[in-house]
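Read off the chains here:
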Amino acid sequence: MIPVDPQVLNACQKHVDLLIEANKRVNLTRIEDSEEARLLHIEDSLVGLELINQAPEGCYADLGTGGGFPGIPLAIATGRETLLVDSVAKKVRELQGFVEELGLSNVQTYAGRIEELAEAKPAAFSVLTARALTALPSLIELASPLLCEGGWLICYKSDDIDEELDAALNIQEKVAMFLISDERLVLSDGVTPRRLLVFRKHGEPTVKLPRRVGMAQKRPYK
Ligand code: SAH
């Protein structure tokens, strides 16, 4: 694992403890074992830390954050102004509780669809992340209207993505999102593969975005 300040790791651990407790009330994660949570929640979230630090300065949002991954660990580690976005209100209520318990003054939450956020705050973010949200073509379409010129989308993927990556590369011009980085790595268990892809917003999409709620995921561009 990349070197991280012990205070950051402590705060991340506290988040995971709160999550496992809250999971008794609301389904936020399938991972309840604390070793597994350390690997797949904390370490995995922080693999994007170097990339987010290289992204243009400005606001950060984690799309489809669920229990707060990778958004909460990255907000703690970077101190960036952060928005945690999820469409399921009861998850966001729990997240808001975590943010308050952890005393994260740089973090806000948004209960709603990504497409609605894009209407409310166009081009408001300079960096976005998404883990386990949707396939790459839908993801770059959803991210595009939220990003300022030159802003980055960091996608957390596993290694089996050839088909969705080909489809995303085909629609780069359409959504004005261009692949600038593609890294493969393995987590510290030695077996869990991870691929981090960065798409950069440049110029204007050739189609009007966001499309109607649901369209990006139901009928992705090809
Ligand atoms: N990123 C987390 C959760 C992944 S599950 C993790 O890796 O652990 C995907 C999450 O995205 C769910 O919580 C779901 O409610 C949310 N989601 C899916 N589509 C969305 C959309 N269009 N707008 C906002 N949230 C969405």
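Residues numbered from 1 in each chain as written. Predicted model: local features only at pLDDT ≥ 70, side-chain atom pairs only at ≥ 80, totals over all residues. Heavy atoms only, no water.

Peer 1: It is not clear to me how the pairing of strand 5 (residues 147-157) should be interpreted in this structure. Could you clarify?
Peer 2: Residues in a regular strand project their side chains so that they alternate between the two faces of the sheet. Strand 5 sits mainly inside the fold: 9 of its 11 residues count as buried. Looking at chain direction, strand 4 (residues 125-131) and strand 5 are connected through 6 bridges and run parallel. Of the residues in strand 5, the one forming a bridge with L128 is L153. Considered for its hand, the β-α-β crossover made up of strand 4, helix 7 (residues 136-143) and strand 5 is right-handed. Relative to strand 7 (residues 193-201), strand 5 runs antiparallel, the two being bridged by 6 bridges. Pairing of W152 across the sheet is with R200, part of strand 7. (Buried < 20%, exposed > 50% of the residue type's maximum accessible area, 1.4 Å probe, protein only. Helix = DSSP H or I, 4+ residues; strand = E, 2+ residues; numbered from the N terminus. Pairing = 2+ DSSP bridges. Right-handed = clockwise from strand over helix to strand, strands pointing away.)

Peer 1: What am I meant to see in the pairing of strand 4 here?
Peer 2: With respect to burial, strand 4 is a largely interior element, 7 of its 7 residues being buried. Relative to strand 4, strand 1 (residues 60-63) runs parallel, the two being bridged by 3 bridges. Pairing of D62 across the sheet is with T129, part of strand 4.

Peer 1: What is the right way to look at the pattern of salt bridges in this model?
Peer 2: Two side chains that carry opposite charge are able to pair once their charged atoms sit near each other. Under the counting rule described, the total for this entry stands at 10 salt bridges. Here E35 makes a salt bridge to R38, at a shortest N to O gap of 2.6 Å. With E35 and R38 both in helix 2 (residues 34-46) and 3 residues apart, the pair spans about one turn of that helix. Residue R38 is classed as partly exposed on the basis of its relative accessible area, which comes to 36%. (Salt bridge = Lys/Arg side-chain N within 4 Å of Asp/Glu carboxyl O.)

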